[in-house]
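Structural overview for review
Residues per chain, in single letters:
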Amino acid sequence: MTSHIPSPASTSILIPKLEPATESNPQAPISSSSFFNLNNPQVDPNFTYPFFDPNLSTEYNNIRETFCSAFAQSLKRHEDHDTALDSQTGAIVPVEEEPLPVSFSTNDVSPSVVTRRPKPQQRSSELVRITDVGPEGERQFREDLRKTRMIYDSLRIYLIMKAKLEGLDRGRRGRPDSKAASMMKECGLWMNRDKRIVGSIPGVQVGDIFFFRLELCVVGLHGQTQAGIDFLTGGLSSNGEPIATSVIVSGGYEDDDDQGDVILYTGHGGQDKLGRQCEHQKLEGGNLALERSMYYGIEVRVIRGFKYENSVSSKVYVYDGLFRIVDSWFDVGKSGFGVFKFRLERIEGQVEMGSSVLKLAKTLKINPNSVRPSGYISFDISSRKENVPVYLFNDIDSDQEPLFYDYLVKTSFPPGLMYQQSGNASGCDCISGCSSGCICAIKNGGEFAYDYSGNLIRQRQMIHECGPACHCPPTCRNRVTQKGLRNILEVFRSRETGWGVRCLDILHAGAFICEYVGVALTREQANIFTMNGDKLVYPARFSSARWEAWGDVSQVIPDYERPLYPQIPPVDFAMDVSKMRNVACYISHSTYPNVIVQLVLHDHNNLMFPRVMLFAAENIPPMTELSLDYGVADDWSPKLAICN
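Notes on the structure follow. Keep in mind that this is a model prediction, so the values were computed, not measured.

**Let's talk about the packing of aromatic side chains**
Under the counting rule described, the total for this entry stands at 16 aromatic pairs. An angle of 25° between the planes, with centres 6.2 Å apart, marks the rings of Tyr450 and Phe615 as stacked. Here Phe615 lies in strand β27 (residues 611-616) and Tyr450 lies in the loop between α8 (439-443) and β18 (463-464), a separation of 165 residues in the sequence. Neither Tyr450 nor Phe615 differs from the other in exposure class; each is buried. Through pairs of rings, three or more aromatic residues link up here, namely Tyr376, Phe379, Tyr391 and Phe393. The cationic tip of Arg541 hangs over the ring face of Tyr538; the distance from NZ or CZ to the ring centre is 4.3 Å. The lysine or arginine in question, Arg581, covers the ring of Tyr405, its NZ or CZ lying 3.8 Å from the ring centre.

What follows is the structure, given as structure tokens:
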């Protein structure tokens, strides 16, 4: 039996495509009354869920409750809408007829979208659409996505570092992004394998950035490792017809015409090994799936691929939301061969496409006035003290407050204190750059804090970068934060947070952003300032608890042991940013931050006064507001108190 999947414009409800009871599938679908009373849509407390195991983790139970809540709300609204099955084809299609009873299987409310499986499994043939999970449910899905992506990136970097240590060349070590994905699949860590999701993937937001195509497979956004069209094959579909779920637009076909909200998408097939069209395309596979999705009005996810030179990869993939296929035809392509073309139009009501934001940010770095003729107050509030400019933008009111403070590039420490231990400073003797085993590596617990691209591998209490006593060159991999600002930042006026900060570049997880700068005060000095009512920032209060597992690959490599790092005394100083500050002081407070704090020493050895360095905690798209967890209550933001 096949159940209707409503379109985004209709009732928000998760309705799976059920298979009929057969000899190979002896469990007949269970009526919805087994789970809910439609007159009082609450979960039946007397019903024993056959899939429920009381020994499962708390996260499992939380997500189960989220799904149950979503069903209870959606089923009540479902009574008021006419939905039925196509009696002729049995396909997934909206029909203006009398509704049939909605049926669910025992797995309909299971959290299988995000459940970790102990064994690798084939992708399911069960089509579902998931909506109305609520704010808490969305946060839970987003958090699960964050953890999965953190494992993938940690494993990828681990494989790179391991191959370097073993001296393997690129040909022998293979692609770490591919190997990491394969290892996670073997451990059952790929997401959304139990159901084939139509529409939005819970936890994935429009504008999300991915640096590797296989990461799209890991999170379930696009299931094909090479093909541009992801679809459920007719052989797995209950009605024998294929259904498309997502496409990747990356300019792989010469007949593609990408106009932003409208895409003329070329079908697949008919190309040689060099990507040249050499024969006619056929209405089969993904081409047929797109045609069937158009016929039934089923939307597809669109991911765009761009060439983007960065320290991690040469290409990025951006999720641009949901599109409808409104037309298709067979035409003669530029090479003279027949190709299938599909007209995709973006569904209204979604946030701005990530690809559009990427193009805007690129233009702002080169010629900001061409796209924003008004609003810019300054194109560099640092007055060229930073390596790159720091913009100031306000199109809301006439406030120009960030111009009225002295801009500091580095924190000012109390005279003499930071150099108390400089006399016995020791440095490495490395000539071309630090390597494993040098004295600087030993200071860091035997391994360096950064990968070969300069990204933070994992958090630790303190990072010892190479300093003035070291003989290594400025290009040494252990000299990251002391090189200063590398990406253009913009301080902007916000109706929600007063002032905020965003970056015009893509920030990869672990990328250095800037130092949090102010005037450092001893505890005694801080007590005097607070007596006068001044607000101070305390570095020890910055919270990064959500990222403690960063770099941990034990879920994939059982014998992996997390490194132990030297303990340091508590950091007990405050920072005054009331008169002198830098761009970091305008970063907003959030309990779900995308920026983390890392303490670093490089120009002195006094453990009591480290520098407060900020790193990207996740892949941050351009023009996304940066946020920190200041370690304070949600109703008090030190950034706002200080900057106002």
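From this point, things continue past the structure.
**Considering the sheet that holds strand β26 (residues 595-601)**
Ordered by their spatial adjacency, four strands build an open sheet running β18-β26-β27-β21, and the pairing between neighbours is mixed. The open sheet terminates on both sides in strands that have one partner only, identified here as β18 and β21 (512-515). In the sheet, β21 pairs with β27 via three bridges, with the strands oriented antiparallel. Across the sheet, residue Phe512 finds its bridge partner in β27, namely Phe615.

**Side note on the sheet that holds strand β15 (residues 376-378)**
Read across the sheet, four strands follow the order β15-β16-β19-β20 without closing on themselves; strand pairing throughout is mixed. Strands with a single pairing partner mark the edges of an open sheet, and in this sheet they are β15 and β20 (498-503). Within the sheet, the average angular offset between the axes of one strand and its neighbour, ignoring direction, is 30°. As defined by bridge partners, strand β19 (residues 489-494) adjoins β20 across six bridges and the pair is classed as antiparallel. Note on β20: the bridge partner recorded for Leu489 is Cys503.

**A few points about the environment of Ile381**
Summarising the element assignment, Ile381 is placed in the loop between β15 and β16 (390-393). The spacing of Ile381 and Val583 is 202 residues in sequence and 8.6 Å in space, taken between C-alpha atoms. In contact with Ile381, not counting residues within four places along its chain, are Val390, Leu392, Leu403, Tyr407 and Val491.

**Let's talk about helix α7 (residues 354-366)**
Because each turn of an α-helix spans 3.6 residues, side chains separated by three or four positions end up pointing in the same direction. Compared with the 18 Å implied by 1.5 Å per residue over 13 residues, the 19 Å span of α7 between its first and last C-alpha is a close match. Every buried residue of α7 is accounted for by Gly354, Ser355, Val357, Leu358, Ala361 and Leu364. Its buried side turned inward, α7 meets β7 (209-210), β12 (300-307), β13 (315-332), β15 and β16.

**A few points about the pairing of β13**
For β7 and β13, the ladder comprises two bridges, and the chain directions are antiparallel. Its bridge partner lying in β13, Ile209 is registered against Val318. Sheet analysis places β12 next to β13, joined by seven bridges and oriented antiparallel. Counted as the bridge partner of Lys307 is Lys315 from β13. Pairing analysis gives nine bridges linking β13 to strand β14 (residues 338-346), with the strands arranged antiparallel. In the strand pairing of β14, Ile325 is matched with Leu344.

**Brief notes about the environment of Lys341**
Note on placement: Lys341 falls in strand β14. Given a relative accessible area of 14%, Lys341 falls into the buried group. Those residues within four positions of Lys341 in sequence are excluded, and the remaining contacts are Asp255, Tyr265, Asp327, Ser328, Trp329 and Asp331.

Reading the values: rules and limits
Residues numbered from 1 in each chain as written. Predicted model: local features only at pLDDT ≥ 70, side-chain atom pairs only at ≥ 80, totals over all residues. Heavy atoms only, no water. Phe/Tyr/Trp six-rings, centres within 6.5 Å; stacked < 30°, edge-to-face > 60°. Helix = DSSP H or I, 4+ residues; strand = E, 2+ residues; numbered from the N terminus. Buried < 20%, exposed > 50% of the residue type's maximum accessible area, 1.4 Å probe, protein only. Lys NZ or Arg CZ within 6 Å of the ring centre and 35° of its normal. Pairing = 2+ DSSP bridges. Axes fitted to C-alpha atoms, helices over the stretch in contact; angles between N-to-C directions. Contact = heavy atoms within 4.5 Å. Expected span 1.5 Å × (residues − 1).

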